[in-house]
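Observations on the model geometry
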Amino acid sequence: MRTVDPAAGGKPVSRSAKFVSWQEAFGAAKQREAPFESVSCEPVQALVTHEDVADLDVENDIGLPGQFPFTRGPYASMYRTRLWTMRQFAGFGSAKDTNERYKFLLERGQDGLSVAFDLPTLMGYDADHAHSLGEVGRCGVAISSLKDMETLFNGIPLGEVTTSMTINSPAAIIWAMYLVTAQKQGWKLDQLGGTTQNDILKEYIAQKEYIFPPEPSMRLVVDTMEFAAKEVPRWHPVSISGYHIREAGSTAVQELAFTLADGFAYVEACLERGMDIDSFAPRLSHFFNSHVDFFEEIAKFRAARRIYARRMRDKYGAKKERSMTLRFHTQTAGCSLTAQQPYNNVVRTTWEALAGVLGGTQSLHTNSMDETYALPTEKAVKLALRTQQLIAYESGVANTIDPLAGSWFVEDLTNKMERGAEEIFAQIDEMGGVVAAIEKSWFQREIARSSYQFQREVESGRQVIVGVNHHVEDGAEDEKIELLEISLETEKQQIADLHKVKAERSQAKVEQALDRIRADAKGGVNLMPAFMQASDAYATLGEMTDVLREEFGTYRETPTF
Amino acid sequence: MDEPIRVLVAKPGLDGHDRGAKVVAAALRDAGMEVIYGGLHQTPDAIVQMAVQEDVDVVGLSVLSGAHMTLFPKVKELLDAAGAESVLLTGGGIISGDDMSKLEAVGVGQLFGPGARLADLVEYIEAEVARRRTTSRSA
């Protein structure tokens, strides 16, 4: 007896007599008091069988690792050849402080660097700017000039390590400082590998570290992509990011769709400049969040690869396989961590990291348990790094490739993610594309809505957060943990050092270099050479950014909630 | 029936993480308050100007960058200088218990850290504004 079961995700599914029998037994059983929803407030099916995925095309929808559509992974051999890069995001205080932390992490088995900059640096201000007051070195490392960049990587051979830099609006300038630092160490540009986040679209949407309006910002991104393609071929000039979109409160499918849409917008911008897709697409990279709902995240990563491959080949005409493979870095969800009972965070981070690995990530950052309070201590970040190593060497999951393929539940969820993303792409297209949707504040309102819905579900107890609305302990029982403190001395010292750099450099060379930036900005010339010249002359980040502020204008968002 | 409570929610300094500020703004609006969302990257001066112009009862600041010991006292100082001492200055973010006490000592109201309940925030603002309105009437 076959019946059609419309309860399975809204599409009719053919059900056997045995299934109907199961359904009766299930219906008669007492249910736990719980909504059975993911953290994205999506209802989760109690049972998924082969019947739910009866129309799955194993060869074309799932396929094999390293083969189109890359659902099972971008490479044929994945972790059997090389584990994901263990790359802890780090930075605080002065360049010297952070340099020590990098050496600490490299000595304990980290195999890639990742730079966290302070807010003044992220916003293109020097340490002595009025807006920098109280903010220097607090959220990341302070970099005001090439001198700081040199100190940051003192004793670290840049041709032998890859570095990811979480920098957006001033990314091209900071990258220029990095490249010049590497050259001064004796390396050639084509020996350097790394990533600049440089994903300006998601700044307007979520992270809000914008400086200039969208159009000139996109021009800067395309400049870096063009320069990378020609001069720094091992570099990933953009890390198309969903992490921040998710942290701002989006759902998993919103994170997936908004991120991929942003990436496609960069692809279109490069194509408009006349670049050949296969010349830049192989160096695009992505960056996703790994949040608490274990299976939702794994399905999201697999759907991302499949959607991306299909679009790059079929819509944008990519010919090289490397242009179609989505490769990504993962960070475990900061917003899932709690200030209450902070040791629980070690456990959350562990399964979030595991989801990233089972999703086939190329690179991973695991949060530290104290990050709801401050930047991590050495002790906390070491445990976070060990978490990755334990998964890598002891859990066994890295011994086989994409082990969850073929799981009816996971494949069904992967399909649902893809369908949900396509619906969102259609909405964005209707609005005229990503930039148009940003100007309408559409993404921002969608995210605000999702985050408010989630918060209401936490308040009502529907979404359980252990330690916060369930198994709550009064403050006295919560263990006091040691925290990293950034002293106000850091700011004073950074300002003093900056003034010393300015006093010792050739002011004439600086003026000349800043004039070149202005001319190239006006003339539509690729700005990277001008930024490198200015960096070499020890022009400061603020001085260079100010020229761009004058030429490009500054952006002010329309506040909406 | 008292006049609705008017609240300015804003983010001072460079920190752009606005999820909390927006959720709070929505919750206060749903609780019947009139909410002005001042947005990001505001200077203390701009915030106080907005507060005075909009004649608010409450200013709520969100600071996650660690710069709260500079920003909260500055806003309090400027509110007082503008004759708006009775405006409740509250807020939240990543602020340690010790720092909350230090800020309370200079006239900042109760602050709400991670895991705080929106209902508690609403209750606090309603009670505190009522108290201040009663005090100013009897003054």
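Residues numbered from 1 in each chain as written. Chains lettered and ligands numbered in written order. Predicted model: local features only at pLDDT ≥ 70, side-chain atom pairs only at ≥ 80, totals over all residues.

What about the sheet that holds strand S12 (residues 363–365) of chain A?
Residues and elements named next belong to chain A. One open sheet holds the five strands; their spatial order is S3-S12-S11-S10-S9, and the pairing between them is parallel. Edge positions in the open sheet fall to strand S3 (85–86) and strand S9 (238–241), since each of these has one partner strand only. Taken together, the two bridges between S3 and S12 define a ladder with parallel strand orientation. The partner of Thr85 across the bridge, within S12, is Ser363. (Pairing = 2+ DSSP bridges. Helix = DSSP H or I, 4+ residues; strand = E, 2+ residues; numbered from the N terminus.)

So, helix H7 (residues 171–185) of chain A
Residue and element names in this part refer to chain A. Taking 1.5 Å of rise per residue, 15 residues should cover 21 Å, and H7 covers 21 Å from first to last C-alpha, within 8% of that figure. The element H7 is extensively covered by neighbouring structure, given that twelve of its 15 residues are classed as buried. Listed in full, the buried residues belonging to H7 are Ala171, Ala172, Ile173, Ile174, Trp175, Ala176, Met177, Tyr178, Leu179, Val180, Thr181 and Ala182. Backbone geometry just after H7 places Gly186 at a positive phi near 105°. (Expected span 1.5 Å × (residues − 1). Buried ≥ 20, exposed ≤ 12 C-beta atoms within 10 Å, placed from the backbone.)

Points about the domain arrangement of chain A
Residue and element names in this part refer to chain A. Domains assigned within chain A are domain 1 (3–53) and domain 2 (58–460). Across the contact, ten residues belong to domain 1 and 15 residues belong to domain 2. Residues belonging to the side of domain 1 that touches domain 2 are distributed by class as follows: four nonpolar, five polar and one charged. (Domains from an automatic or database assignment. Contact = placed C-beta atoms within 7 Å. Nonpolar A, V, L, I, M, F, W, Y, C, P; charged D, E, K, R; others polar.)

Some points on the interface of chain A and chain B
Taken together, the contact pairs 29 residues of chain A with 26 residues of chain B. Going through the elements one at a time, helix H5 (119–122) and helix H18 (442–460) of chain A are the ones with two or more residues in the side of chain A that touches chain B. Counting residues per element, the side of chain A that touches chain B draws most heavily on H18(A), which supplies five residues. Residues belonging to the side of chain A that touches chain B are distributed by class as follows: 14 nonpolar, nine polar and six charged.

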